[in-house]
Amino acid sequence: MARSFRLPLPAANPEKIRFPERCICCGAPRQADSTLVASRLVMRKQRQEPVTLRYAVPHCDRCYRGTKSVFLAGLLPFLAGFILLGGVAFVLAAFYANAIGLDLNNVPGSGNSLVVGGAAGMIVGLIGAFLFEGAARLLLLPFFGQALWQAPLLMTQFIQDADYVAGLRGKLDPEAKHLLLTFNNDELADEFARLNGDTAVPTP
Ligand SMILES: [Zn+2]
């Protein structure tokens with residue numbers, strides 16, 4: 001069972017929060033730090049300002065490397081799907097648009113068929129990226145196990161502004177007044193709660 005905390009800012013700024021002195025994912029001795037980045041665009045005085053917080057999260061060597069490869073294991077198929085399927089859609093749509101005569105009344109310096117191709121490539125590329133990442137996740141499951149399975153898909157990470165390292169997920173609420181942390185490991189969640197006292201407010 002995952003456990004979540006809602007931490008008020010600025011009490012939960014990176015220099016004030018304390019993590020247990022062992023791997024946040026499996027509890028093994030601390031060997032490296034992974035970086036959890038919580039960021040959000042916030043309206044302040046009618047201007048959008050980026051708020052970015054970087055937390056050094058203790059990991060053992062295995063979970064540290066797992067975090068890195070999980071990111072690549074999502075990113076590489078995501079890019080491959082985008083480029084391959086998006087590229088094919090771009091070429092097909094551009095040729096088709098040209099063949100049905102869309103380029104006949106081009107303004108010099110612009111190409112209607114290229115615009116059509118670009119739009120088709122973008123849409124099909126994103127669908128392809130999504131499919132490829134899902135397929136890669138199924139294929140890689142035996143090698144990465146839970147670390148990969150629990151990580152949100154890249155596409156949803158883009159939409160949700162959430163960041164994930166092995167064993168821990170973090171994001172800022174829309175006004176950037178609270179940091180939301182979710183631990184996969186109950187024991188380490190308890191230790192985190194003890195270390196941070198009143199700042200760590202459990203959420204159901
Ligand atoms: Zn670990």
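Here, every reference points to the structure presented above.
What comes next concerns the included structure. Everything quoted here is computed from the prediction, not taken from an experiment. For every chain, the first residue of its written sequence is number 1, and the numbers climb from 1 along that sequence. Note on the predicted model: pLDDT of at least 70 is required for a residue's local features to be given, and 80 or more for side-chain atom pairs to be given and counted; whole-chain, interface and lining totals, by contrast, use all residues.

Here's the deal with the overall build of the chain
Inference 1: Helix numbers and strand numbers start at the N terminus; a helix is a DSSP run of H or I with at least 4 residues, a strand a run of E with at least 2. When helices and strands are tallied, the chain shows 5 helices and 7 strands.
Inference 2: Here the C-alpha atoms of the chain give a radius of gyration of 22 Å, more than 25% beyond the 17 Å that 2.2 N^0.38 yields for 204 residues.
Inference 3: Considering only C-alpha atoms, the chain reaches an extent of 70 × 50 × 30 Å along its principal axes.
Inference 4: Counting the 204 residues in the chain, one finds 31% classified as buried.
Inference 5: At a minimum sequence separation of 6, the contacts of the chain that also span at least 24 residues come to 70%. Radius of gyration means the value over C-alpha atoms here, while the globule rule gives 2.2 Å times the residue count to the 0.38 power. Residue burial here comes from a neighbour count, namely the number of other C-beta atoms, placed from the backbone, that lie within 10 Å of the residue's own C-beta, with 20 or more meaning buried, 12 or fewer meaning exposed, and in between meaning partly exposed. By definition, residue pairs are in contact when their C-beta atoms, positioned from the backbone, come within 7 Å.

Some points on the pairing of strand S6 (residues 178-183)
Inference 1: In S6, alternate side chains face the same way, and those of Leu 179, Leu 181 and Phe 183 are buried while those of His 178, Leu 180 and Thr 182 on the opposite face are not.
Inference 2: For strand S1 (residues 3-8) and S6, the ladder comprises 6 bridges, and the chain directions are antiparallel. Of the residues in S6, the one forming a bridge with Ser 4 is Thr 182.
Inference 3: Strands are treated as partners if at least two bridges between them are detected by DSSP. The sheet contact formed by strand S5 (residues 168-172) and S6 spans 5 bridges and is antiparallel. Paired with Arg 169 across the bridge in S6 is Thr 182.
Inference 4: In this antiparallel pair of consecutive strands, S5 and S6, the connection spans 5 residues, and Ala 176 shows a positive phi of 55°.

Looking at the nonpolar core
Inference 1: Here a nonpolar core is just a set of buried residues of the types Ala, Val, Leu, Ile, Met, Phe, Trp, Tyr and Cys, joined wherever their C-beta atoms sit within 7 Å. Ranked by size, the top nonpolar core spans 31 residues in total, and within it Ile 24, Val 57, Leu 168 and Leu 179 carry the most contacts.
Inference 2: Among the elements of the structure, S1, strand S2 (32-44), strand S3 (47-59), helix H1 (61-99), strand S4 (163-165), S5, S6 and helix H5 (186-196) are those that each provide at least two residues to this core.
Inference 3: For this core, the leading source of residues is H1, giving 4 residues.
Inference 4: Aside from chain neighbours lying at most four places away, what touches Leu 168 is Ile 24, Leu 36, Val 57, Leu 181, Thr 182 and Phe 183.
Inference 5: Judged by nonpolar contacts, the second largest core, of 7 residues, contains Leu 85, Phe 90, Ala 94 and Ala 120.

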